Amino acid sequence: MLVATASSHREAAFAAAEYLMDYLKTRAPFWKQVEKAAGKIWVDAKSADDAAAERWSAPAPSHGAVE
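Here we summarise the structure given alongside this text. Only a predicted model underlies this, so the values are computations on that prediction, with no experimental measurement involved. (Residues numbered from 1 in each chain as written. Predicted model: local features only at pLDDT ≥ 70, side-chain atom pairs only at ≥ 80, totals over all residues. Heavy atoms only, no water.)

1. As for the pairing of strand 2 (residues 39-42)
Moving on, step 1. Across four bridges, the pairing between strand 1 (residues 33-36) and strand 2 is antiparallel. From the neighbouring strand, Glu35 faces strand 2, where its bridge partner is Lys40.
Moving on, step 2. Here strand 1 folds back onto strand 2, and the loop between the two strands holds two residues. (Pairing = 2+ DSSP bridges. Helix = DSSP H or I, 4+ residues; strand = E, 2+ residues; numbered from the N terminus.)

2. Points about a nonpolar patch on the surface
Moving on, step 1. A surface patch of nonpolar side chains, about 350 Å² in accessible area, is lined by Tyr19, Leu20, Tyr23 and Trp56.
Moving on, step 2. Given the relative accessible area of 31%, Trp56 is considered partly exposed. (Patch = residues over 30% accessible without salt bridge, like charges linked within 9 Å, V, L, I, M, F, W, Y side chains within 5 Å. Areas by Shrake-Rupley, 256 points an atom, 1.4 Å probe, with all protein chains shown as cover. Salt bridge = Lys/Arg side-chain N within 4 Å of Asp/Glu carboxyl O. Buried < 20%, exposed > 50% of the residue type's maximum accessible area, 1.4 Å probe, protein only.)

3. Brief notes about the pattern of salt bridges
Moving on, step 1. Within the structure shown, the criterion is met by three salt bridges.
Moving on, step 2. With a shortest N-O distance of 3.2 Å, Lys25 and Asp49 are connected by a salt bridge. On the criterion of sequence distance, the pair formed by Lys25 in helix 1 (residues 10-27) and Asp49 in helix 2 (residues 47-54) is long-range, its members being 24 residues apart.
Moving on, step 3. Owing to a relative accessible area of 29%, Lys25 belongs among the partly exposed residues under this scheme.
Moving on, step 4. Here Asp49 falls in the buried class, since its relative accessible area comes to 9%.
Moving on, step 5. The network of salt bridges with shared partners includes Glu18, Asp22 and Arg55.

Right, dumping it as structure tokens:
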């Protein structure tokens, strides 16, 4: 797996690479096939993978709440 990002600031490039890996691990499982002595199996995303991907979800907008 190769993930390459570019940015004028390294923190943004690192964050982009983390986002891409989290996305691939949870929503693109086609690359997670493992070959064992008994045959090939597909590896599902782990709950930790799902939790890591959730941090990239935008919060729901609040409508009409004025403080």
